[in-house]
Amino acid sequence: MLKLLFAVTTILFTISPSTHGFDPLDPYGEMTIKWDLQQSSPGHHTVLVKIENKQEYRHVEKPGWKLSWHWVNKTVIWDMRGAETTEQGNCSAFASSETLPHCCLRRPTIVDLLPGAPFNMQVSNCCRGGVLTSMSQDRINYVSAFHMTIGSFPGDPGEFIMPYDFDIGVPGYTCGNATSVDPTKYSTDKGRRKTQALATWEAECVYSQTKSSQSPKCCVSLSAFYYQNIVPCPTCSCGCSSSNCVKPGVVPPLLEQKHDPHVEVSPVVQCTNHMCPIHIHWHVKVNYKKYWRVKITATNLNTMRNYSDWNLVVLHPNLNNVTQVFSFNYKPMTPLHKSINDTGMFWGLKFYNDVLLQAGEFGNVQTEILLEKDMGSFTFKDGWGFPRRILFNGDECVMPSPDDYPRLPNSASSSSAFFRSHLKTSDMASNSAWKLDDHPKLPKGKTIALIVLDGWGESAPDEYNCIHTAPTPTMDSLKNGRPDTWTLIKAHGTAVGLPSEDDMGNSEVGHNALGAGRIFAQGAKLCDIALASGKIFDGEGFKYVSESFEKNTLHFVGLLSDGGVHSRLDQLQLLIKGSAERGAKRIRVHILTDGRDVLDGSSVGFVEILEADLAKLRENGVDAQIASGGGRMYVTLDRYENDWGVVKRGWDAQVLGEAPHKFKNAVEAVKTLRKEPGANDQYLPPFVIVDDAGKAVGPIVDGDAVVTFNFRADRMVMHAKALEYEDFDKFDRVRFPKIRYAGMLEYDGELKLPSRYLVSPPEIDRTSGEYLTHNGVSTFACSETVKFGHVTFFWNGNRSGYFNEKLEQYVEIPSDSGISFNVKPKMKALEIAEKARDAILSGKFDQVRVNLPNSDMVGHTGDIDATVVACEAADVAVKMILDAIEQVKGIYVVTADHGNAEDMVKRDKAGKPALDKEGKLQILTSHTLKPVPIAIGGPGLSEGVRFRKDLETPGLANVAATVMNLHGFVAPADYEPTLIEVVE
């Protein structure tokens, strides 16, 4: 079946016209040369020439186009703007003229001017050195234009005749002769008048890969989590000659010589079995219950060239249901038949990875794709999981032979134990399916201390690096001189399921990744997808709240910020806009100011943006206002039932319309309250907005709808309980309005809270904690209140409670309440360490897992001195735990969930501390993008265990497999790879 399927496919691709001028993936793609005759008189004509790249995914790179043609009669170019000819030619016939023509050749060659050309030489769409982007990647720079004045030789009648024999000067293109088309029309005077060319001609140029190059330019290799080997690129895919290749790491002599940057240099590729300049690798990475995940890596093996604005085109049947693409732009394509959507185009993010650098350490780009399964067609059999075609910059890549494709294990059929345990995740109910294989080299039975230092990143040492400044002898001893047992891992961006590398990690996604052993798309991205597609407004949650639109008010409650940790302003804007378009007539927003995930003081700007949006709605007849507000740490957003007074202050303002401060508008409120001594965004007191009569403009009442727009769960759960639970005793609510309430997401899957939500949360299954309990590993987990949920709920895949009460014990130590954490920066580190020590020495537990919150929670206050004390306290706690591990001859794993305390100031572009307008230091209270450390050791660590050096970008998700190995087990096949290896 496999041979037949791919034999037919191969025949189709072999005869595909895409290599001979017609591309079924881009049937209307072509280069067009358009001539507009704008003025004409005997012997004198003005022409505007445009070159338009109408191809979806092929572009013209350096050295750019070189347009040439053949004049029918004796024609000269007197003047040009926006371009120039490469040669003037023999203009002796005009020796008596005051000026000589620009070009007198019968076949001129035209090139685009370079960037920075004199302004008087430019025209619109000129001066990019002949580089044209594809239409999909850039709707502005796919056109090039120049203007010329032409005439005739002496004695010639001077009639304008369209030239012939066009050549675009780019390898692979063939141009036809020009044909007359409808004259081009121009819009002038701001669209009030239209003019048109005297005549217009077009010549079309089509591409042939065969004509472009005798050899292919790229090849594809394949791998899968269920297959042990990598299927390499076919040998000699791009040729067999090794005379012009260099070994990796060797600088070719040509690279050391000076050469014209505008002239293309012949490729000098690294020596490989395939000899291709570009190598594409497709890896089937993970299989979930409803989704599967693919990683694509494009590697540049050409030592002489960067690829700007590169792109990939992939044909695969499951591209009709792409859920998420990480780190790349993506566009679905519907070639030929609009009903078929099995082709997609990928390209880099601007200023991030839109340039594929020359061969070397940074000469690759990577993405991961999450695809939703169609259970009627999805299978890993017969090579279905691999692409049918891949094109790089429009050129077909050589695929491996179908006979060599990764296969499912041959030992059994699709009902085998392997398939059940690794592919059919829905069948995990039986204990045998949870059984982990024994590690071939590492023993069982060692007590493991797993310590997570919250907010402890790695950064350059200076006075604002509190971890460096603090006395931390224990953590220093784990790092210094121990390259095999200390390393850094990623804790932000795509490594933890967030949309881009600019997204800071946080404790929730960090502990999800640490516990799950795989990377799941997280809340912010899920919400982005739902909002971008409009599906959020079609879901049951939105339909539920929309039933209140006709007669009642829609309330939005959440953190007003663009920090991206708990919420995002742009998502709130889209929610408000979409709700108004779908019938919401009265909207009230209850804002919580940030100053923690963003700079303190930024709240004023956010409020002004929101007020402007609401004003536009009011102009269109929607009654939209901000109704109340307060600082995030003092109003509404408490967590883990630490201080219900915080939630009550929010309830009083939002539901009862009562607060100690009353204002006519929110901008005035925030500006005024920030003037109070010691005030900051995080701790602004509650306020309500009132009308001229002093009455609150937006209390929540019976029949209203409420949406909490935070996508992060932890600081929404307590507020959700107050809004939803009829049986509630945490504080006197005074009244409990009957409302229609929905969260942005489900904030607690175990409690089913809230019962309605706009976007479904990520489905995190088969966590490491669940696997280990099924394999008899007993666990003790402990932290204080503010992080207790992280070592339990988030670690276990957003699941409350125990997997097995007989094997697990969770201990929560109450956090200090009613004070800022910088007041007592040591927090409960000592108490947590004592509990962990006692658990280790008791001999009852195989794993003792703790979170030490100090560096994160105190770091968020912006108090540098207090954060130094916090870091020292955490270090002391680590020592106490490690001393206990020493006594029982166990193993320790010390890591962190994200950065924070290692950089407490905002930086300028040079990396120096930034100052505000008044010359004051800008304190950074948010998380960072820094990597975090991980250290292993202890007397129980087997000899020869060390961190691997072959993992490209390890992250938090790699820790789960590592810990499983140290417990003596092999991790599931679809987990992120272990960080360790055992050497003899």
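By convention here, each chain's residues receive numbers from 1 onward along its written sequence. Reporting of local features is limited, given that this is a predicted model, to residues whose pLDDT is at least 70; pairs of side-chain atoms are given and counted only at 80 or more, and all residues count toward the totals for whole chains, interfaces and linings. In computing side-chain properties, one takes all heavy atoms of the structure into account and sets aside hydrogens as well as water.

K.L.:
In this structure, what is going on with a nonpolar patch on the surface? I would like to understand it.
P.N.:
Together, Val72, Ile161 and Tyr164 make up a nonpolar patch on the protein surface, roughly 220 Å² of accessible area in all. Looking at where Tyr164 falls in the secondary structure, it is placed in strand β8 (residues 164-167). Two joining distances apply to patches: 9 Å for like charges and 5 Å for nonpolar side chains (Val, Leu, Ile, Met, Phe, Trp, Tyr), and every residue must have over 30% relative accessible area and no salt bridge. Accessibility throughout is a Shrake-Rupley quantity obtained with a 1.4 Å probe, and a residue counts as covered only by protein chains that appear here. Salt bridges are defined by distance alone: a side-chain nitrogen of Lys or Arg within 4 Å of a carboxyl oxygen of Asp or Glu. Secondary structure counts use DSSP, requiring at least four H or I residues in a row for a helix and at least two E residues in a row for a strand, with both numbered from the N terminus.

K.L.:
Explain the state of the cysteines here, please?
P.N.:
Working definition: the covalent bond between the sulfur atoms of two cysteines is a disulfide. Two cysteine sulfurs form what is called a disulfide whenever their separation falls within 2.5 Å. For the structure shown, the criterion picks out seven disulfides. Here Cys126 engages in a disulfide with Cys127; their sulfurs sit 2.1 Å apart. Here the disulfide of Cys126 and Cys127 is left-handed, its torsion about the S-S bond being about -65 degrees. Of the two residues, Cys126 and Cys127, both sit in the buried class. Between the sulfur of Cys218 and that of Cys397 lies a disulfide, 2.0 Å long from S to S. One disulfide, between Cys218 and Cys397, carries an S-S torsion of -100 degrees and so falls in the left-handed class. Remark: Cys397 occurs in the loop between β27 (395-396) and α3 (417-423) and Cys218 occurs in strand β14 (residues 218-224); sequence separation between them is 179 residues. Buried, partly exposed and exposed residues are distinguished by accessible area as a fraction of the type maximum, computed with a 1.4 Å probe on protein chains only: under 20%, between the cut-offs, and over 50%, respectively. By relative accessible area, Cys397 is classed as buried at 4%.

K.L.:
What am I meant to see in the packing of helix α17 (residues 829-842) against helix α19 (residues 864-888) here?
P.N.:
Packed helices, taken two at a time, are described by the angle between their axes plus the distance between the axes. Here an angle of 0 to 180 degrees is reported between the N-to-C directions of two axes, which are lines fitted to C-alpha atoms, with helices fitted over the stretch in contact. Viewed as axis vectors pointing N to C, α17 and α19 meet at an angle of 5 degrees, and their least axial separation amounts to 9 Å. As summarised for this structure, α17 and α19 are arranged roughly parallel, according to the angle between their axes. Between α17 and α19, the contacting residues are Ala829, Leu830, Ala833, Glu834, Ala836, Arg837, Ile840 and Leu841 on the first element and Ala873, Ala877, Met880, Ile881, Ala884, Ile885, Gln887 and Val888 on the second. Here the contact of α17 with α19 is composed, by residue class, of 13 nonpolar, one polar and two charged. Any angle from 65 to 115 degrees is called roughly perpendicular, while one under 35 is roughly parallel, one over 145 is roughly antiparallel, and all others are oblique. Contacts between residues were defined by any pair of non-hydrogen atoms, one from each residue, lying within 4.5 Å. When residues are grouped by polarity, Ala, Val, Leu, Ile, Met, Phe, Trp, Tyr, Cys and Pro land in nonpolar, Asp, Glu, Lys and Arg in charged, and all others, Gly among them, in polar.

K.L.:
How should the sheet that holds strand β42 (residues 932-937) be read in this particular structure?
P.N.:
Within a sheet, neighbouring strands are paired by backbone hydrogen bonds and run either parallel or antiparallel to one another. Two strands make a pair as long as DSSP finds a minimum of two bridges between them. Spatial ordering of the open sheet is given by β29-β42-β41-β28-β40-β38-β39, a layout of seven strands whose pairing is mixed. Looking at which strands have only one partner, the edges of the open sheet turn out to be β29 (486-489) and β39 (808-813). Strand-to-strand twist across the sheet, computed as the mean angle between neighbouring axes with direction ignored, equals 15 degrees. Bridge count for β29 against β42 is four bridges, and the pairing is antiparallel. If you follow Ile489 over to β42, its bridge partner there is Val932.

K.L.:
Explanation requested: helix α10 (residues 569-581) in the structure shown.
P.N.:
For the α-helix, the turn length of 3.6 residues means that residues three or four positions removed from each other point alike. Multiplying one less than the number of residues by 1.5 Å gives the expected span of a helix. Between its first and last C-alpha, α10 extends 18 Å over 13 residues, near the 18 Å set by a 1.5 Å rise per residue. Among the residues of α10, those classed as buried are Leu569, Gln571, Leu572, Leu575, Ile576, Gly578, Ser579 and Ala580. After α10 finishes, the residue Gly583 shows a positive phi value of roughly 110 degrees.

K.L.:
I tried to follow the sheet that holds strand β6 (residues 109-112) on my own but got confused; where do I start?
P.N.:
Taken in spatial order, the four strands line up as β5-β6-β3-β8 in an open sheet, and their pairing is antiparallel. The strands lining the two open edges of the sheet, one partner per strand, are β5 (83-85) and β8. For this sheet, the mean angle separating the axes of adjacent strands, direction not counted, is 20 degrees. Of the pairings in the sheet, the one linking β5 to β6 comprises three bridges and is antiparallel in character.

K.L.:
Honestly, the pattern of salt bridges in this entry has me stumped. Any pointers?
P.N.:
For the structure shown, the criterion picks out 41 salt bridges. The salt bridge partner of Asp594 is Arg632, with a shortest N-O separation of 2.8 Å. A residue pair is termed long-range when its members are at least 10 positions apart, and Asp594 in the loop between β31 (586-593) and α11 (603-619) and Arg632 in the loop between β32 (623-631) and α12 (644-654) qualify at 38 residues. Across the pair Asp950 and Arg948 runs a salt bridge whose closest N-O atoms are separated by 3.0 Å. Since its relative accessible area comes to 23%, Arg948 is described here as partly exposed. Residues joined by salt bridges that share partners form a network here, namely Lys285, Arg293, Glu368 and Glu976.

K.L.:
Looking at this structure, how should I read the environment of Pro232?
P.N.:
Relative to the helices and strands, Pro232 is located in the loop between β14 and β15 (245-246). Put simply, Pro232 and Gly510 are 278 residues apart on the chain and 34 Å apart in space, counted from C-alpha to C-alpha. Not counting the four nearest positions on each side in its chain, Pro232 is found in contact with Val220, Ser221 and Pro400.

K.L.:
It is not clear to me how the nonpolar core should be interpreted in this structure. Could you clarify?
P.N.:
Side chains of nonpolar character tend, in soluble globular proteins, to be buried together. Among buried residues, the Ala, Val, Leu, Ile, Met, Phe, Trp, Tyr and Cys ones that are joined through side-chain atoms within 4.5 Å form a nonpolar core. Of all hydrophobic cores here, the largest spans 87 residues; its most connected members are Phe556 and Ile587. In terms of residue count, α11 provides more of this core than any other element does, six residues in total. Non-local contacts of Phe556, meaning those with residues more than four positions away in its chain, are made with Leu572, Leu575, Ile576, Ser579, Ile587, Arg588, Val589, His590, Val707 and Phe709. Core analysis: the next-biggest nonpolar cluster, separate from the first, contains 73 residues, Ala513, Cys871, Tyr892 and Met904 among them.

K.L.:
Help me understand the pairing of strand β35 (residues 705-708) in this model?
P.N.:
The side chains of a regular strand alternate between both faces of the sheet. Of the two faces of β35, both are covered, the one formed by Ala705 and Val707 as well as the one formed by Val706 and Thr708. Alignment of β35 against strand β36 (residues 740-745), held across four bridges, turns out to be parallel. Pairing of Val706 across the sheet is with Tyr741, part of β36. With the strands pointing away from the viewer, any crossover whose connection runs clockwise from the first strand over the helix to the second is right-handed. Between β35 and its parallel partner β36, the chain crosses via helix α14 (residues 717-724), and the hand of that crossover is right-handed.

K.L.:
How should the side chain of Ser144 be read in this particular structure?
P.N.:
Secondary-structure assignment places Ser144 in strand β7 (residues 143-152). In protein, a polar contact means a hydrogen-donor-capable atom and an acceptor-capable atom, both N or O and within 3.5 Å, with residues adjacent in sequence counting only if both atoms are side-chain atoms; elsewhere, any N or O pair within 3.5 Å suffices. There is a polar contact of 3.4 Å between the side chain of Ser144 and the side chain of Trp65. Setting aside residues up to four positions removed in sequence, Ser144 forms contacts with Val49, Lys50, Ile51, Trp65, Asp112, Asn125, Arg128 and Leu132.

K.L.:
Even after reading the chapter, I still don't get the confidence of the model for the protein, so can you show me in this structure?
P.N.:
Predicted coordinates in areas of low pLDDT are best not read in detail. As a per-residue measure, pLDDT tells how confident the predictor is, with possible values from 0 to 100. Here the protein shows a mean pLDDT of 88. Residues at 70 or above account for 91%. Low pLDDT (under 50) marks residues 1-20, which in the prediction has 30 contacts with non-local residues, meaning those over four places away or in another chain. Long-range and interchain partners of residues 410-430, a stretch whose pLDDT sits below 50, account for 35 contacts in this model, where long-range means more than four residues apart.

K.L.:
How should I be thinking about the packing of helix α8 (residues 523-533) against α10 in this particular structure?
P.N.:
For the pair α8 and α10, interaxial distance at closest approach is 11 Å and the crossing angle is 35 degrees. For the element pair α8 and α10, the recorded crossing hand is left-handed. Here α8 contributes Ala524, Cys527, Asp528 and Leu531 to the contact with α10, which in turn contributes Gln571, Leu574 and Leu575. When the residues that make up the contact of α8 with α10 are grouped by side-chain class, the tally is five nonpolar, one polar and one charged. Handedness of a crossing follows from how the near helix is turned relative to the far one, being left-handed for an anticlockwise turn of less than a right angle and right-handed for a clockwise one.

K.L.:
Just to check I follow, could you spell out the packing of aromatic side chains for this structure?
P.N.:
How two aromatic rings sit relative to each other is set out by the distance from centre to centre and by the angle between their planes. For this analysis, a ring pair means two rings from Phe, Tyr or Trp (six-membered ring only for Trp) whose centres lie within 6.5 Å, classed as stacked if their planes differ by under 30 degrees, edge-to-face if by over 60, and tilted for the remaining angles. Applying the stated criterion across every chain yields a total of 36 aromatic pairs. Taken together, a centroid distance of 6.2 Å and an interplanar angle of 25 degrees make the contact between Trp65 and Phe146 stacked. Here Phe146 lies in strand β7 and Trp65 lies in the loop between β2 (44-53) and β3 (66-70), a separation of 81 residues in the sequence. Judged by its relative accessible area of 1%, Trp65 is buried. Relative accessible area serves as the criterion here: at 0%, Phe146 is assigned to the buried category. Geometrically, the ring pair formed by Phe728 and Phe731 is edge-to-face, given 5.2 Å between the ring centres and 80 degrees between the ring planes. The pair formed by Phe728 and Phe731 is uniform in burial state, with each residue classed as buried. Taken together, the ring pairs connect Trp35, Trp69, Trp71, Phe160, Phe166 and Trp201 into an aromatic cluster.

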